[in-house]
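Descriptive structure summary
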Protein chains: 4
Amino acid sequence: MKHLFFSVLSILGACSANAQLKPEKMTPESSELWDPEPRLVTPGKITSATSGTTAPSDALVLFDGTNLNQWVSSADAKSPATFTVANGAMTVAPRKGGIQTREEFGDFQLHVEWRSPSEVKGNGQGRGNSGIFLQGIYEVQVLDSHQNRTYANGQAGSIYKQTPPLVNPVKAPGEWQSYDILYTAPRFNKDGMIVVPAYVTVILNGVVVQNHTQIQGTTPYVGRPLNTPHGKGPISLQDHGDLVSFRNIWIREL
Amino acid sequence: MKHLFFSVLSILGACSANAQLKPEKMTPESSELWDPEPRLVTPGKITSATSGTTAPSDALVLFDGTNLNQWVSSADAKSPATFTVANGAMTVAPRKGGIQTREEFGDFQLHVEWRSPSEVKGNGQGRGNSGIFLQGIYEVQVLDSHQNRTYANGQAGSIYKQTPPLVNPVKAPGEWQSYDILYTAPRFNKDGMIVVPAYVTVILNGVVVQNHTQIQGTTPYVGRPLNTPHGKGPISLQDHGDLVSFRNIWIREL
Amino acid sequence: MKHLFFSVLSILGACSANAQLKPEKMTPESSELWDPEPRLVTPGKITSATSGTTAPSDALVLFDGTNLNQWVSSADAKSPATFTVANGAMTVAPRKGGIQTREEFGDFQLHVEWRSPSEVKGNGQGRGNSGIFLQGIYEVQVLDSHQNRTYANGQAGSIYKQTPPLVNPVKAPGEWQSYDILYTAPRFNKDGMIVVPAYVTVILNGVVVQNHTQIQGTTPYVGRPLNTPHGKGPISLQDHGDLVSFRNIWIREL
Amino acid sequence: MKHLFFSVLSILGACSANAQLKPEKMTPESSELWDPEPRLVTPGKITSATSGTTAPSDALVLFDGTNLNQWVSSADAKSPATFTVANGAMTVAPRKGGIQTREEFGDFQLHVEWRSPSEVKGNGQGRGNSGIFLQGIYEVQVLDSHQNRTYANGQAGSIYKQTPPLVNPVKAPGEWQSYDILYTAPRFNKDGMIVVPAYVTVILNGVVVQNHTQIQGTTPYVGRPLNTPHGKGPISLQDHGDLVSFRNIWIREL
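Conventions adopted
Residues numbered from 1 in each chain as written. Chains lettered and ligands numbered in written order. Predicted model: local features only at pLDDT ≥ 70, side-chain atom pairs only at ≥ 80, totals over all residues. Heavy atoms only, no water. Helix = DSSP H or I, 4+ residues; strand = E, 2+ residues; numbered from the N terminus. Buried < 20%, exposed > 50% of the residue type's maximum accessible area, 1.4 Å probe, protein only. Areas by Shrake-Rupley, 256 points an atom, 1.4 Å probe, with all protein chains shown as cover. Least-squares fit on C-alpha atoms with pLDDT ≥ 70 in both. Contact = heavy atoms within 4.5 Å. Buried area = accessible area lost by both parts, 1.4 Å probe. Salt bridge = Lys/Arg side-chain N within 4 Å of Asp/Glu carboxyl O. Polar contact = N/O pair within 3.5 Å; in protein donor to acceptor, adjacent residues only side chain to side chain. Nonpolar A, V, L, I, M, F, W, Y, C, P; charged D, E, K, R; others polar. Pairing = 2+ DSSP bridges. Phe/Tyr/Trp six-rings, centres within 6.5 Å; stacked < 30°, edge-to-face > 60°. pLDDT = per-residue confidence, 0-100.

1. Considerations on the overall build of chain A
- On a plain count of helices and strands, chain A comes out with 1 helix and 19 strands.
- The 254 residues of chain A split such that 61% are buried.
- Just so you have it, chain A exposes about 9900 Å², and 55% of that area is on carbon and sulfur atoms.

Printed below as a string of structure tokens:
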């Protein structure tokens, strides 16, 4: 009763115009937010110490180890994807061209596992080189960066020719490596200028290498980043002539 | 030779003051960035399908399953941590108080695995409740949010009483769950105002639930977020009276 | 000649596959970006020491001092705006309701000048109170905060009931004050969750008071910030019962 | 009375442990935040239609039109600043070198007014060229971009050789132009990598041209952006050989 009486007073007090009054105590419920209720997602499971983690329930599985149904040729979207599928992995077919997803995406979380060849050939950019192109445009570099010095903004974990990774957590050639990528797409205005930049967070083998990095534009081999307005786009995988393999690829639109 | 001749011309051309000249072609090397070379980190390994991933080589291991040497009582930093250690996990000792790390941290990547009791008791906030306090201040909620409706900004994956998770990827009680947290600390000025806010990215069981979310301030049970200037701080684990367990905790300062 | 010779060598060097080679010198043109050419805008002019700055050429003038053609009643978009127009200013008609623009906006730069009554009445939130609602939802507070202590997140320059201004640069009652506001709208996903938050920068009387502040949701008098998906929205001006005036309002979509 | 009765009931309801209860209504006071109280700042005044706005009360005035006491030579901090002072403005003394402030700054708001020569000479980068270097490192370009096409990321309002302005709101040669710049400095880690990037917002003649743009690194004439760890730094003004003038320069540390 005493408590009630005090509360009533404090309510009356709240009607007062006395600006010196400090705020009354809130209740725990005041800061509860009930809706919308976050949607249920069943996370993936680690199926063995070597096979990685399965996709969460709301992901679109882009490659489950068996077929390239979700992929087409990057050069010609009407032609089938050129990579070879064997032993639960897809592998670049050198000089037959890159591949890209049939579907296009805006903001997303992407999981990709990749492996550079266990037989080491070449060095620098010439060793275990491929790439993951976000919206078909912005390259997160794939490279055998194990004991293989190259320019920092060209090694695994870099936004190619833009931002180096914070560290180099790459595994040895022949081992499976994982990318977890959080991406929000750029927003352009009528002038073709960016009003909200693209940002990307990249976790390589469980270690953050890009933390909300602003993407500066395209990631060309020669030239500087450029920006041309675009909508949704596919995920593309590069044929750089090396026998890089991929598995366990899934995407969740944010 | 022809190529060389052309290149020489283009160099000469570059010296011209003609503002109408479009830029010459760059070389691939123009956009290479070599230094600083990203530091080597050996990523952790998945040791079995059930034990999670080991820490990367540059992490400070806060709990490896054997002892609480890195922890003290939150109530009294001179007193030992109160949680119990058994079977490779540490577990809240209800009503004996929370624990915090001996060391303090600024910007970091934090990995924590946690498990709510397999025997389900209570509901809402009363079931499998604990919390991870970043810099000892900002709570990432730990809760058995499996088939247990509560307010969205109070379920697992929320910044407590602030921002709900994007989705609910929680596992069943008794299963180990993982948090991967990227955190940059707030920067305050002489007035005590924030000039660079704290941001946090949270991945729960491999699914992003917070993507560069601005932390609004403290995360009290009762009241609104407040901001008081602070420096580095510990990682704290909450005693909310439930037998929540933790394992495989490591941190990397960014 | 010597310089040319060196350049030729460096071009040849660039063709080498030696990964230890450091990048050649770029030319100035390499980092030039020509297109798209930024669109021409004629900035506004200061017409006198007391009348503020006119709108830039690409702005939509929402109020030029003469009429309310761009405005309707907030309560009923089919009814005319209720504010009174005199002496180049529009003034709240107390208890006749707020007003909002006919048009709706996404990302924008907004300029508003406002004046609290020179005759001071009331205190705290009861003095010279109005508000500017971005997209009709998120309130940038208008208040006579001159020698008038109220809660920090409720004074002029605050995101109402969310984030206090960095400082208090408010002028005396009866003086014209200016807001320059940069706003990017939130982006929601199909679940109704925010994937790109709204951010706002606010300059009050030439002094920054909000620097890329994340908007947490609605700004209610009672309650906590909420988020409901929405598209473009109007600019609204509040009737809080006080004779607050406005002039020189313009907006540029970003 | 009816209202009071309802409120009492809602308070009682809040004491229930029923997790299914939706939150009670908050009171207005619940979301009030009183401390810290934003510090008072007296904004500047427009003293005439032609002389711009005076500095706010908490600014460090770097140039008030009368002397270069706050400046030294960029080439040699022990030598006096080389610009000439006349008629309330300072002007580049061509080929005598740039100048920089005696003091160094971290996060700040900077106001600078500048004027390119009314007698137009040269074109492209050769016309009315100077620059404002934030922390002595990152150049916001100063250029007579009036009817003077050059590369977009080299015109007035650009982060030099990085990001073009959103639009071109430049005034005619001989007219005073204003920059309002909001800057937060980058934070580096022990590896020399950036953990919190530098961001800049630039308003040119009252029109936003950079909205929370991430600075990519240094802004060299030749080469790509580089990042080397640094602390506070001065504001520098460039001698590019043109008779560019400056006035009314002030800075507020954030």
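2. Considering the relation of the copies chain D and chain B
- Expressed as a screw operation, the relation of chain D to chain B combines 0.0 Å of axial shift with a rotation of 180 degrees, fitting to an RMSD of 0.0 Å. Such values leave the two copies arranged in the relation of a two-fold axis. Residue V196 of chain D of chain D places its C-alpha closer to the rotation axis than any other residue of that unit, at 4.5 Å.
- When the interface residues of chain D are mapped onto chain B, 100% of them again fall at the interface, so both copies present the same face.

3. Considerations on the interface of chain D and chain B
- Counting residues at the interface gives 27 residues for chain D and 28 residues for chain B.
- When the area that chain D buries against chain B is broken down by residue, the three leading residues are P36, D191 and R224 of chain D, summing to 22%.
- For the pair chain D and chain B, the interface holds 2 salt bridges.
- Residue D191 of chain D is joined to R39 of chain B by a salt bridge in which the shortest nitrogen-to-oxygen separation is 2.6 Å.
- The tally of links from chain D across to chain B stands at 2 residue pairs in polar contact (both at pLDDT 80 or more).
- Among the residues forming the side of chain D that touches chain B, the class breakdown is 10 nonpolar, 9 polar and 8 charged.

4. Considering the environment of S245 of chain D
Residues and elements named next belong to chain D.
- Looking at the secondary structure, you find S245 in strand β19 (residues 245-253).
- Counting along the chain gives 155 residues from S245 to M90, while the straight-line C-alpha distance between them is 5.4 Å.
- Setting aside residues up to four positions removed in sequence, S245 forms contacts with A89, M90, T91, E113, W114, R115 and W176.
- Here T91 takes part through its side chain, which lies 2.7 Å from a polar atom of the side chain of S245.

5. What about the interface of chain A and chain B?
- Residue-level contacts link 56 residues of chain A with 56 residues of chain B.
- Summing the contributions of chain A and of chain B, the shared interface buries around 4800 Å²; its carbon and sulfur component is 62%.
- Here chain A is connected to chain B by 2 salt bridges.
- Across the salt bridge formed by R149 of chain A and E37 of chain B, the nearest N and O atoms sit 3.2 Å from each other.
- Contributions of two or more residues to the side of chain A that touches chain B are made by β1 (39-40), β2 (46-48), β12 (167-168), β13 (177-184), β16 (199-204), β17 (207-214) and β19 (245-253) of chain A.
- Of the residues that constitute the side of chain A that touches chain B, the class distribution is 28 nonpolar, 17 polar and 11 charged.
- Bridge count between β12 of chain A and strand β1 (residues 39-40) of chain B: 2 bridges; the pairing is parallel. Residue pairing in the sheet places N168 of chain A in a bridge with L40 of chain B of β1 of chain B.

6. A few points about the sheet that holds strand β8 (residues 99-101) of chain D
All names here are of chain D.
- Within the open sheet, the 5 strands sit side by side as β5-β8-β18-β10-β11. Their pairing is antiparallel. Two strands close off the open sheet at either side, each with one partner strand: β5 (71-73) and β11 (138-142).
- Where strand β10 (residues 130-134) lies against strand β18 (residues 236-237), 2 bridges are found, and the strand directions are antiparallel. In the sheet register, F133 faces β18, and the bridge partner there is S236.

7. Observations regarding the side chain of R252 of chain D
- Within the secondary structure, R252 of chain D sits in strand β19.
- R252 of chain D sits in the buried class, given a relative accessible area of 2%.
- Only 2.7 Å separates the side chain of R252 of chain D from the side chain of D58 of chain D, close enough to count as a polar contact.
- In contact with R252 of chain D, other than residues within four places in its own chain, are V167, V207 and V208 of chain C together with R39, V41, P56, D58, A59, D107, F108 and Q109 of chain D.

8. Here's the deal with the pattern of salt bridges
- Enumeration according to the criterion identifies 27 salt bridges over all chains in this entry.
- Connected via shared salt-bridge partners are R39, D58 and R252 of chain A together with D191 of chain C.

9. Overview of the packing of aromatic side chains
- With the rule as written, the count across this model stands at 28 aromatic pairs over all chains.
- Seen in terms of ring centroids, F105 of chain C and F108 of chain C are 6.4 Å apart; in terms of plane orientation they differ by 75 degrees. Their pairing is edge-to-face.
- Taking the centre distance of 6.3 Å and the plane angle of 50 degrees together, the rings of Y151 of chain D and Y160 of chain D count as tilted. Pair check on accessibility: Y151 of chain D and Y160 of chain D agree, each one buried.
- An aromatic cluster of at least three residues, connected via ring pairs, comprises F105, F108, Y138 and Y183 of chain A.

10. Considering the sheet that holds strand β5 (residues 71-73) of chain A
Residue and element names in this part refer to chain A.
- The 5 strands lie next to each other as β5-β8-β18-β10-β11, forming an open sheet whose pairing is antiparallel. Every other strand in the sheet has two partners, leaving β5 and β11 (138-142) as the edge strands with one partner each.
- Looking at chain direction, β5 and strand β8 (residues 99-101) are connected through 3 bridges and run antiparallel. Bridging from a neighbouring strand, S73 pairs with I99 of β8.

11. Regarding the pairing of β10 of chain D
All names here are of chain D.
- The buried count for β10 comes to 5 of 5 residues, which makes it a mostly enclosed element.
- Side chains S130, I132 and L134 project from β10 onto one buried face, and the interleaved G131 and F133 project onto a second face that is buried too.
- Examined bridge by bridge, β10 and β11 share 5 bridges and lie antiparallel to one another. Its bridge partner lying in β11, L134 is registered against Y138.

12. What to know about the environment of E104 of chain C
- For E104 of chain C, the position within the fold is in the loop between β8 (99-101) and β9 (108-115).
- Setting aside residues up to four positions removed in sequence, E104 of chain C forms contacts with K232, G233, P234 and E253 of chain C.

13. Brief notes about unusual backbone geometry
Residues and elements named next belong to chain C.
- Phi at Q147 is positive, roughly 50 degrees, even though this residue is not glycine.
- The residue Q147 is located in the loop between β11 (138-142) and β12 (167-168) in this model.
- What makes Q147 exposed here is its relative accessible area of 69%.
- Although it is not a glycine, N248 adopts a positive phi angle of roughly 50 degrees.
- Take N248: it is sitting in strand β19 (residues 245-253).
- Looking at N248, the relative accessible area reads 14%, which means it is buried.

14. Notes on the confidence of the model for chain A
All names here are of chain A.
- Per-residue confidence for chain A gives a mean pLDDT of 87; residues scoring 70 or more make up 87%.
- Low confidence marks residues 1-24, where pLDDT is under 50. Its contacts with residues over four positions away, or in another chain, come to 24 contacts.
- Interface confidence in the predicted complex, given as ipTM, is 0.88; pTM for the same model is 0.89.

15. Section: the side chain of Q125 of chain C
Residues and elements named next belong to chain C.
- Here Q125 is to be found in the loop between β9 and β10 (130-134).
- For Q125, a relative accessible area of 15% gives the class buried.
- Look past the residues within four positions of Q125 in its chain and what remains in contact with it is Q141, L143, T150, Y151, G154, Y160 and H240.

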